[in-house]
Amino acid sequence: MSFDPEPDLSPEEVQERVDETIEDNEVALFMKGTELMPQCGYSRKALNLLQQHREDVETVNVLDALDEHREALERHSDRETIPQTFVDGEFVGGSDILEQLHERGELEAKLST
């Protein structure tokens, strides 16, 4: 099975996609790859942690326009790293923060706000 990303998107299209995804979903994960085929260990870890507590996680594959997604996400989080998780429009963090919240028993509460 090969990975075929969508055609490259313009910076404006990516910004609109990021803004709408964050605004329209309770839990949004911007990741490398898809829910069925994560393309990096950090994205896989973030997805697995979120799915332990929520079934309705909106995922966005950033690989079709990685640099543009980094710029668009930085406007919301002040970070360029991928993956990034947003809950109710608020930046929560990447896989490391999700893991810390999970270990402290705080992730489920954070995801149900």
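Presented here is a report on the structure given in the accompanying data block. From a predicted model like this one, the values you see are computed outputs, not experimental measurements.

**Things to note about the overall build of the protein chain**
Along the protein chain, the regular secondary structure elements total five helices and four strands. Each helix (α) and strand (β) of the protein chain, taken in turn from the N terminus, gives the series α-β-α-β-α-β-β-α-α. The C-alpha radius of gyration of the protein chain comes to 13 Å, within 12% of the 13 Å expected for a compact globule of 113 residues. Here the C-alpha coordinates of the protein chain stretch approximately 40 × 35 × 20 Å along the principal axes. Sequence-distant contacts, at least 24 apart, represent 63% of the contacts inside the protein chain between residues at least 6 apart. Here the protein chain displays about 6,500 Å² of accessible surface, and carbon together with sulfur accounts for 42% of that area. Charge-centre separation for the protein chain: the mean point of 10 positive side chains lies 7 Å from the mean point of 29 negative side chains.

**A word on the packing of helix α2 (residues 41-51) against helix α4 (residues 95-103)**
Here α2 crosses α4 at 35°, and the two axes come no closer than 9 Å. Relative to α4, α2 is oriented so that their crossing is left-handed. In this structure, α2 uses Tyr-42, Lys-45, Ala-46, Leu-49 and Leu-50 to contact α4, whose residues at the interface are Ser-95, Leu-98, Glu-99 and His-102. Of the residues that constitute the contact of α2 with α4, the class distribution is five nonpolar, two polar and two charged.

**Some remarks on the packing of aromatic side chains**
Under the defined criterion, the tally for this structure stands at two aromatic pairs. Judged by centre distance (5.9 Å) and plane angle (90°), the rings of Phe-30 and Phe-86 are edge-to-face. Separated by 56 residues along the polypeptide, Phe-30 in strand β1 (residues 27-31) and Phe-86 in strand β3 (residues 84-87) bring together distant segments of the chain. Pair check on accessibility: Phe-30 and Phe-86 agree, each one buried. Ring centres 5.4 Å apart and planes at 55° place the aromatic pair Phe-86 and Phe-91 in the tilted group. The class of Phe-86 is buried, set by a relative accessible area of 1%.

**Re helix α1 (residues 11-24)**
Here α1 is 14 residues long and its end C-alpha atoms lie 20 Å apart, about the 20 Å a rise of 1.5 Å per residue gives. Along α1, the positions that sit buried rather than exposed are Val-14, Gln-15, Val-18, Thr-21 and Ile-22. Projected onto a plane normal to the axis of α1, the buried residues spread over an arc of 135° and lie on a single side. Projecting away from the buried face of α1 at angles above 90 degrees are the exposed residues Glu-12, Glu-23 and Asp-24. Where α1 is buried, its residues contact β1, β2 (58-61), α3 (66-77) and β3.

Definitions and limits used
- Residues numbered from 1 in each chain as written.
- Predicted model: local features only at pLDDT ≥ 70, side-chain atom pairs only at ≥ 80, totals over all residues.
- Heavy atoms only, no water.
- Helix = DSSP H or I, 4+ residues; strand = E, 2+ residues; numbered from the N terminus.
- Rg over C-alpha atoms; globule rule 2.2 N^0.38 Å.
- Contact = heavy atoms within 4.5 Å.
- Areas by Shrake-Rupley, 256 points an atom, 1.4 Å probe, with all protein chains shown as cover.
- Lys, Arg positive; Asp, Glu negative; His and termini not counted.
- Charge placed at Lys NZ, Arg CZ, Asp CG, Glu CD.
- Axes fitted to C-alpha atoms, helices over the stretch in contact; angles between N-to-C directions.
- Left-handed = near helix turned anticlockwise from the far one by under 90°.
- Nonpolar A, V, L, I, M, F, W, Y, C, P; charged D, E, K, R; others polar.
- Phe/Tyr/Trp six-rings, centres within 6.5 Å; stacked < 30°, edge-to-face > 60°.
- Buried < 20%, exposed > 50% of the residue type's maximum accessible area, 1.4 Å probe, protein only.
- Expected span 1.5 Å × (residues − 1).
- Arc of directions from axis to C-beta.

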